[in-house]
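Summary of structural features
One-letter residues, chain by chain:
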Amino acid sequence: MLIKLSRLKLEVSLLVLSFSWVLFSYFYSFGQEPDAFFARSGAVMVLLAVIVEFRLNNELFKVMQNNFYGNSSKVKSVPSLPPRHKIISRLAHLFVVVGTFIWGYGDIIF
């Protein structure tokens, strides 16, 4: 497997944490000022999702670099990404988009 499952646990945990933070701030913001807490949770979601994307891309870059510049003189085939890696990467990208929307328009949603 390209990336160890234990390595992906951190990325999944960060995405779950960001989603949980947004849900918590959404329910906490009821009855408060419109610009109180929910809109700022989008920034946390974007930050954690970008960290996940960076970590996944960095790991892929390391594997590709070892694959192309390894000890052998022949260039090996390009590694394929496992389905878990693709799903987590796409979910992180979706969180960046949703978090940016919440960050920009979260005060209007209430």
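Residues numbered from 1 in each chain as written. Predicted model: local features only at pLDDT ≥ 70, side-chain atom pairs only at ≥ 80, totals over all residues. Heavy atoms only, no water.

**Observations concerning the overall build of the chain**
Helix and strand content of the chain: three helices and zero strands. Residues classed as buried in the chain amount to 30% of the 110 residues present. Sequence separation of at least 24 residues holds for 75% of the intrachain contacts in the chain that already meet a minimum separation of 6. Working note: accessible area of the chain is about 7,400 Å², and carbon and sulfur atoms make up 65% of it. (Helix = DSSP H or I, 4+ residues; strand = E, 2+ residues; numbered from the N terminus. Buried < 20%, exposed > 50% of the residue type's maximum accessible area, 1.4 Å probe, protein only. Contact = heavy atoms within 4.5 Å. Areas by Shrake-Rupley, 256 points an atom, 1.4 Å probe, with all protein chains shown as cover.)

**Observations regarding a nonpolar patch on the surface**
Nonpolar side chains collect at one region of the surface, where Phe19, Leu23, Phe27 and Phe30 lie side by side and expose about 420 Å² of accessible area between them. Counting through the fold element by element, Phe30 comes out in the loop between helix H1 (5–28) and helix H2 (38–68). Here Phe30 falls in the partly exposed class, since its relative accessible area comes to 46%. (Patch = residues over 30% accessible without salt bridge, like charges linked within 9 Å, V, L, I, M, F, W, Y side chains within 5 Å. Salt bridge = Lys/Arg side-chain N within 4 Å of Asp/Glu carboxyl O.)

**Details of the nonpolar core**
By size, the foremost hydrophobic cluster in this structure holds 15 residues, and its most contacted members are Leu15, Val52 and Ile88. Breaking this core down by element, the ones donating at least two residues are H1, H2 and helix H3 (83–109). Among the elements that line this core, the one with the most residues is H2, at six residues. (Core = buried A, V, L, I, M, F, W, Y, C linked by side-chain atoms within 4.5 Å.)

**A look at the side chain of Ser18**
Turning to its location among the elements, Ser18 is positioned in helix H1. On the accessibility criterion, Ser18 (0% relative accessible area) is buried. Once residues within four sequence positions are removed from consideration, Ser18 is found in contact with Met45, Leu48 and Phe95.

**Remarks on the packing of aromatic side chains**
Following the criterion strictly, the structure yields nine aromatic pairs and no others. With a centroid separation of 5.9 Å and 40 degrees between ring planes, the pair formed by Trp21 and Phe24 is classed as tilted. With Trp21 and Phe24 both in helix H1 and three residues apart, this pair spans about one turn of that helix. Among the aromatic residues, those joined into a cluster by ring pairs are Trp21, Phe24, Tyr28 and Phe37. (Phe/Tyr/Trp six-rings, centres within 6.5 Å; stacked < 30°, edge-to-face > 60°.)

**Quick notes on the environment of Phe101**
If you trace the backbone, Phe101 turns up in helix H3. Separated by 59 residues in sequence, Phe101 and Gly42 place their C-alpha atoms 7.4 Å apart. When near neighbours in sequence (up to four residues on either side) are disregarded, Phe101 contacts Gly106 and Ile109.

**Quick notes on the environment of Phe27**
Within the secondary structure layout, Phe27 lies in helix H1. What makes Phe27 exposed here is its relative accessible area of 54%. In sequence terms Phe27 and Phe37 are ten residues apart; their C-alpha atoms lie 9.8 Å from each other.

**Comments concerning the confidence of the model for the chain**
Per-residue confidence for the chain gives a mean pLDDT of 82, with 75% of residues at or over 70. Within the chain, H2 has the poorest average pLDDT of any element, 87, and H3 the best, 91. (pLDDT = per-residue confidence, 0-100.)

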